[in-house]
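What follows is the residue order along each chain.
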Amino acid sequence: MTEQVLLRAIDVHKSFGGVEVLKGIDLEMRQGQVVSLIGASGSGKTTFLRCVNMLEEHDAGDILLDGEPIGYRVENGQRKRLSEAKVSAQRARIGMVFQQFNLFPHLTAEENVMLGLTKVLGKSKAEAREIAGHWLGKVGLSQRRGHYPYQLSGGQQQRVAMARAVAMEPRLLLFDEVTSALDPELVAEVLGVMKALAESGMTMLVVSHEMLFVREVSHHVVFMDGGRVAQAGSPAEVFDNPQSDRLRNFLGRFHGLFGRG
Ligand SMILES: Nc1ncnc2c1ncn2[C@@H]1O[C@H](COP(=O)(O)OP(=O)(O)O)[C@@H](O)[C@H]1O
Ligand SMILES: [Mg+2]
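Q: Quick one: what's the story with the sheet that holds strand β11 (residues 220-225), residue by residue and with numbers?
A: Overall, mixed pairing links the six strands, which are arranged β8-β9-β10-β3-β11-β12 in an open sheet. The two strands at the open ends of the sheet, each matched to only one other strand, are β8 (94-97) and β12 (228-233). Strand-to-strand, the axes of this sheet are offset by a mean angle of 20°, without reference to chain direction. In this structure, strand β3 (residues 34-38) lies alongside strand β10 (residues 204-207), joined through four bridges in parallel fashion. Bridging across to β10, S36 finds its partner in V206. Relative to the sheet, helix α5 (residues 154-167) contacts β8 and β9 (172-176), its axis offset from that of β8 by approximately 175°. The strands touched by helix α6 (residues 184-199) are β3, β9 and β10; relative to β10, the strand with the most contacts, the crossing angle is about 150°.

As structure tokens, this is what we get:
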């Protein structure tokens, strides 16, 4: 059975100061799928994620989550920006994990995970603590729940950030280069958590330069180039059958990392 479409982007455009950085992005994600965005720096990957999460307002096109437009409603054929309260409610259905972990430095690991549960979802402290404990356990940090971010390695901080995101039970999780700020020896533990999340059926939209991971975990891979989708398909189609020199050159940069020769 085909799962229902969870996220649909249709001809999404976005400009900054007259420079168009998204030139019509189309994308479809089904529930439980992992879709990865790859592409050179500046190709628009982060901007697209930020539009999905309403950190940026797209100029034209539609982004639908569960069939519902994100960030606005349509009234008499006109787009009307939703109130901040409505935007917050929509945003609670989409989690995001960033390259910089963005943990609150004055809160423990457990308190960082609890915050959204109490403040956004209105759960009691006791319930929030229980949920936080569950997810910190899932990311292998049961013993670190009382630690502050400065007492944790980068990989541990990033795993706290992931626990915080999944604890909210989002419909969709966005990951923007979440291993790029980590020392190389810490990358695997974070990718391991992402892989486990993917296997648990979480719907994930992932920007990553970890090509082996992308190839192994993704159902669908999207190569972005200059604000457009240049090629998209299964990992095998994209990695083994690049249709342009741009994609061949892009992938070629990673071959040294693949341990050939
Ligand atoms: N807030 C902004 N203001 C102006 N230009 C921006 C802003 N955010 C991104 N850009 C520009 O948009 C383009 C795409 O950036 P980005 O989405 O960050 O690409 P990627 O994540 O693929 O590296 C780049 O040229 C970048 O300089
Ligand atoms: Mg980026």
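Q: Give me the lowdown on the site of ligand 1, citing residues and values where you can.
A: All residues adjacent to ligand 1 are F16, V21, A40, S41, G42, S43, G44, K45, T46 and T47. Between S43 and ligand 1, the recorded distance is 3.2 Å, taken from a backbone N or O atom to an oxygen atom. Taking K45, its side chain carries an N or O atom lying 2.8 Å from an oxygen atom of ligand 1. Considered on its own, ligand 1 offers 560 Å² of accessible surface; in the complex 56% of this is hidden by protein.

Q: Give a detailed account of the nonpolar core, specifying residues and quantitative values.
A: Formed by 40 residues in total, the largest nonpolar core has its most connected members in L136, V160, M162, L173, F175, M194 and M204. Among the elements of the structure, α3 (109-119), α4 (125-138), α5, β9, α6, β10 and α7 (211-217) are those that each provide at least two residues to this core. Here this core gets eight residues from one element, more than from any other, and that element is α6. If near-sequence neighbours (up to four positions away) are discounted, L173 is found in contact with G95, M96, A165, V166, L197, M202, T203, M204 and L205. Judged by nonpolar contacts, the second largest core, of 28 residues, contains V35, F48, C51 and M96.

Q: Would you mind going over the pairing of β10 in detail, with residue names and values included?
A: Here β10 shows no split at all, with M204 and V206 on one side and L205 and V207 on the other all buried. Two elements, β9 and β10, share four bridges in a ladder whose sense is parallel. Paired with L173 across the two strands is M204, which belongs to β10. In this view, the connection linking β9 to its parallel neighbour β10 by way of α6 has right-handed handedness.

What counts, and where the lines are drawn
- Residues numbered from 1 in each chain as written.
- Chains lettered and ligands numbered in written order.
- Predicted model: local features only at pLDDT ≥ 70, side-chain atom pairs only at ≥ 80, totals over all residues.
- Heavy atoms only, no water.
- Pairing = 2+ DSSP bridges.
- Helix = DSSP H or I, 4+ residues; strand = E, 2+ residues; numbered from the N terminus.
- Axes fitted to C-alpha atoms, helices over the stretch in contact; angles between N-to-C directions.
- Contact = heavy atoms within 4.5 Å.
- Near = heavy atom within 4 Å.
- Polar contact = N/O pair within 3.5 Å; in protein donor to acceptor, adjacent residues only side chain to side chain.
- Areas by Shrake-Rupley, 256 points an atom, 1.4 Å probe, with all protein chains shown as cover.
- Core = buried A, V, L, I, M, F, W, Y, C linked by side-chain atoms within 4.5 Å.
- Buried < 20%, exposed > 50% of the residue type's maximum accessible area, 1.4 Å probe, protein only.
- Right-handed = clockwise from strand over helix to strand, strands pointing away.

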